[in-house]
Amino acid sequence: MNALSPPVSDSIHLRSIVIGCLAALAGLMSGLDIGVISGALDFVARDFHASTLAQEWIVSAMMAGAAVGALLAGWMSHHLGRKRSLVIGAAIFMAGSLGCAFAWSTPSIIAGRVVMGLAIGIAAFTAPLYLSEIANERVRGAMISTYQLMITVGIFMAFVSDTLFSYSGNWRWMFGVAAIPAGLFLIGVLFLPYSPRWLMMKGRRQEALEVLRTLRASPQDASREIRDISAQLQQKQHGFALLRRSRNFRRSILLGILLQIMQQLAGINVVMYYAPKIFALAGYVGPAQLWCTAIVGLVNMLATFVAVGLVDRWGRKPILYTGFVVMTFGMGALGLIIDRGVASQTTQILSVFLLLVYITGFAMSAGPLIWVLCSEVQPLTGRDLGIAISTLTNWLSNMAVGATFLTLLQTLGNGPTFWLFAGFNALFIVLTWLFVPETKGMSLEAIEHRLMAGVRLRDIGR
Ligand code: BGC
């Protein structure tokens, strides 16, 4: 090697950073998409004279699209490959954000939201998959959590950009700016290598080896990994057959479904999509509603860092218990204040504080942890199907919450709607105790062994 050229490990390091940045952009895109609607909704509703029901659909159309996108992504990432799926996802994302930006009626913006959702469904499935296949073992965990973190960064950025554009009331720009990271992502992805694992699945061993040589510290490491992938691929996915045959697998599928329903009925997306409306109930008007929402986004992001730091030290269950207790308190007390009517500035400030308490509870616990648990509890040969089903459940229950919140406020009343969510969170403390295993420090093989031996779900961990 020439003395002036960077050592091999430096260029590999650089390449990993570039890949990490692209992963980050994928998370950012998803976050922007989740966050943008909260600030835009009132302006869109005003321009298009959208009824409550229509507003709920403008919000939820995205989740419907994401559910379809997640299903499509499974097929696409297998047949077209991870890289091409990401390219398609980014292009659809641009189309969706521009579609919303140029919408002319309620049905057209609903269509734009479905398209945006399709893109998120594809990105949220494919990006973590691609990353886990390309990242070096030592940084694999960090890459996946970076992705989660960046979703919350994206949500925060969307809240801030909504706030800034709210002064002019220009909701079209709120949607339109999301096309910029999507464009960057699209360009970046074109330069990414194919996933070595996917190349191996397609029998392109030599190409897989070449890719790995550019990503691993030594040719020996690359060859060793090729052998590992090859051995893993012998373990074919038999999801549907296993589902028919094994009661134990059906139990882990049900656990994945339960976990995702718990995450969504905790009410997080009521806050993500409708925070400005909640702050209006608490007596805030105009830009103040959106600034408070931006603070919610900031706390959501910061508290996610806490979870990432704690998850392997405290363990899953203590964190989940803490989170659900905090969320029960936050939602319950907020309901109390809103029910009594916000009379003074002190109660106004208190309502922001309580929503922040709630968000902290979620972001430090159920937010990232449910995803971790869902990927840990499925047996190897059914993992793809298991994760696909739990991810689909996430989007569908997300949609159910988004599509009913405003109607709940109108039918149950403001306070009782928040108490309903507080009640769900209280119930989830019990369900965590009854059904959720502690998987901290356990190998996936050990968890699988206990699951398939018929051990009670809550005991399949340590
Ligand atoms: C949830 C999303 C939510 C986000 C908020 C994720 O873990 O799955 O539905 O919008 O957290 O940060």
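Residues numbered from 1 in each chain as written. Predicted model: local features only at pLDDT ≥ 70, side-chain atom pairs only at ≥ 80, totals over all residues. Heavy atoms only, no water.

A.B. asks: Which residues make up the packing of aromatic side chains, and what are the values?
C.D. replies: Applying the stated criterion across every chain yields a total of 10 aromatic pairs. Between the aromatic rings of Phe424 and Phe428, the centroid separation amounts to 6.3 Å while the plane-to-plane angle is 5°, which identifies the pairing as stacked. You can see Phe424 and its partner Phe428 sitting in helix H20 (residues 414-435), four residues apart, about one turn around the helix. You can call Phe424 partly exposed: its relative accessible area is 24%. (Phe/Tyr/Trp six-rings, centres within 6.5 Å; stacked < 30°, edge-to-face > 60°. Helix = DSSP H or I, 4+ residues; strand = E, 2+ residues; numbered from the N terminus. Buried < 20%, exposed > 50% of the residue type's maximum accessible area, 1.4 Å probe, protein only.)

A.B. asks: Break down the packing of helix H3 (residues 82-101) against helix H4 (residues 106-134) for me, citing the residues and quoting the values.
C.D. replies: Packing of H3 against H4 leaves a shortest axis separation of 8 Å and a crossing angle of 155°. Here H3 lies roughly antiparallel to H4, going by the angle between them. H4 is crossed by H3, and the crossing has left-handed handedness. Split into classes, the residues belonging to the contact of H3 with H4 amount to 14 nonpolar, six polar and three charged. (Axes fitted to C-alpha atoms, helices over the stretch in contact; angles between N-to-C directions. Parallel < 35°, antiparallel > 145°, perpendicular 65-115°, else oblique. Left-handed = near helix turned anticlockwise from the far one by under 90°. Nonpolar A, V, L, I, M, F, W, Y, C, P; charged D, E, K, R; others polar.)

A.B. asks: Kindly report on the site of the ligand, identifying the contributing residues and their values.
C.D. replies: Around the ligand, the surrounding shell holds 13 residues, and the nearest of these are Gln263, Gln264, Asn269, Asn300 and Trp371. Between the ligand and Gln263 there is a distance of 2.9 Å, counted from an oxygen atom to a side-chain nitrogen or oxygen. Here the ligand, which alone exposes 310 Å², has 93% of that area covered by the protein. Mapped by element, the contributors of at least two residues to the shell around the ligand are helix H5 (137-166), helix H12 (247-265), helix H13 (268-281), helix H17 (366-376) and helix H18 (383-402). Its residues assigned to classes, the shell around the ligand comprises five nonpolar, eight polar and no charged. (Near = heavy atom within 4 Å. Polar contact = N/O pair within 3.5 Å; in protein donor to acceptor, adjacent residues only side chain to side chain. Areas by Shrake-Rupley, 256 points an atom, 1.4 Å probe, with all protein chains shown as cover.)

A.B. asks: How would you sum up the nonpolar core? Please name residues and give values.
C.D. replies: With 130 residues, the main nonpolar core has Ile109, Trp171, Phe175, Phe185, Tyr273 and Phe405 as its most contacted residues. Tallying contributions element by element places helix H1 (residues 8-48) first for this core, with 17 residues. Setting aside its immediate chain neighbours within four residues, Phe405 contacts Glu56, Val270, Tyr274, Ile278, Thr417, Phe418 and Phe421. (Core = buried A, V, L, I, M, F, W, Y, C linked by side-chain atoms within 4.5 Å. Contact = heavy atoms within 4.5 Å.)

Bear in mind that shape data such as this cannot, by itself, settle questions of function.
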